[in-house]
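One-letter residues, chain by chain:
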Amino acid sequence: LIRPDSKFQGQGKYFHYTSLESCINMLKHTDGEFEIWASHLSFLNDKEELINGMKLIDRKVEDLLLSKGDTLSDWIEEYQEGRMNEDNLLDDIYVVCFCSKRSLLSQWKYYGKNSGIAIEYNLDFCEYSGYIASNIPFKNMNQEYLPNYVNKVIYDNMEKQEIIDAFIKEHIYKIYNSDAEQSDIEKKRCIYRQMDKLYSLAPLFKHDSFQEENESRLLFFPLSIKGCETGKLVNYRSSDGKIVPYMKIKIRGRMEGTKRESVIKSLTVGPGQNQDLIFEALKHLVINKFPKKNSRFQMIQRKDYSYVNVNGIEIRKVSTPFRG
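In what follows, the accompanying structure is described. (Residues numbered from 1 in each chain as written. Predicted model: local features only at pLDDT ≥ 70, side-chain atom pairs only at ≥ 80, totals over all residues. Heavy atoms only, no water.)

Regarding the pattern of salt bridges
It is possible for side chains bearing opposite charge to pair when their charged atoms get close. Using the criterion set out here, one finds 13 salt bridges in the structure. Among the salt bridges present, the one from Lys-60 reaches Asp-165, with a minimum N-O distance of 3.2 Å. Taken as a pair, Lys-60 in helix α2 (residues 51–64) and Asp-165 in helix α5 (residues 157–176) lie far apart in primary sequence, 105 residues in all. For Lys-60, a relative accessible area of 14% gives the class buried. Overall, the relative accessible area of 29% leaves Asp-165 in the partly exposed class. A salt bridge links Glu-78 to Lys-188; the shortest N-O distance between them is 3.1 Å. Highlighted residues: Glu-78 in helix α3 (residues 71–85) and Lys-188 in helix α6 (residues 184–199), separated in sequence by 110 residues. (Salt bridge = Lys/Arg side-chain N within 4 Å of Asp/Glu carboxyl O. Helix = DSSP H or I, 4+ residues; strand = E, 2+ residues; numbered from the N terminus. Buried < 20%, exposed > 50% of the residue type's maximum accessible area, 1.4 Å probe, protein only.)

Concerning the side chain of Lys-283
Residue placement: Lys-283 occurs in helix α7 (residues 275–289). Given a relative accessible area of 15%, Lys-283 falls into the buried group. Here Lys-283 is in contact with Val-308, Val-310 and Ile-315, once residues within four sequence places are set aside. (Contact = heavy atoms within 4.5 Å.)

Below, the structure is given as structure tokens:
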């Protein structure tokens with residue numbers, strides 16, 4: 001849906017904050033293949049997830065496309081009626097969220113007295129398995145691994161509006177005003193595909209009160225192709241008194257020569273109870289469960305954290321003062 005050469009290109013640093021239990025599950029791997037969990041967007045903590053972007057796009061569609069009173073307006077009105085009456089692609093979005101900061105107090109507070117973990121992923125050129133992507137041609141659905149793109153989240157309301165305006169101008173108006181020899185049916189079908197892409201921007205628009213998170217997201221659309229048996233892709237877990245649908249996504253790094261690049265770059269232990277013990281346990285885990293590489297066990301001190309290098313992975317603990 002979104003390509004990395006757009007304004008949504010990922011920010012290069014990808015820290016996933018998680019609990020101790022989830023961290024242990026995410027560090028399990030076989031031959032460089034790891035597992036991450038993508039949660040259903042509608043069950044995340046922000047009550048306005050998706051709604052913020054959808055309302056903004058709806059307003060822009062109303063102002064720019066439905067107010068003209070021409071053939072394009074008629075087509076868009078038909079599209080909107082169909083979107084309201086049929087199964088919606090945006091009803092089944094699963095996301096993995098990343099923060100660009102290795103130590104964010106609001107994230108550590110979420111885990112209370114227990115020291116959470118920030119897993120830093122190396123997501124450049126990764127491949128993913130265990131999902132059906134809405135932007136992959138149907139003929140390629142049998143591939144085990146498919147590409148995906150990390151997209152940054154947009155918080156600034158003016159920037160959101162500029163992106164929507166530019167998309168409508170560059171894609172929808174351009175098709176409608178094209179002199180290409182197309183029937184109205186073909187042209188309308190092309191515009192409908194662009195409208196789908198326009199609304200697929202909604203998961204990447206978030207309320208500006210969350211701006212400090214500097215979030216990026218991997219998006220997965222498992223139920224986007226009708227007729228595909230995708231129910232097996234979805235699992236359910238309990239979290240904070242809720243039932244959360246999620247998908248188990250397998251991820252592996254690119255090949256460098258004869259070796260596959262590691263997906264995990266660092267593990268940061270947050271402030272909280274048992275921080276030192278958890279730090280030592282992670283060292284023990286990486287020593288025994290990860291491929292042997294040059295290690296440097298001397299503790300290196302930085303301004304707000306300290307770390308050791310174990311099998312090519314930095315094990316860190318932050319010095320942020322915090323009481324759960």
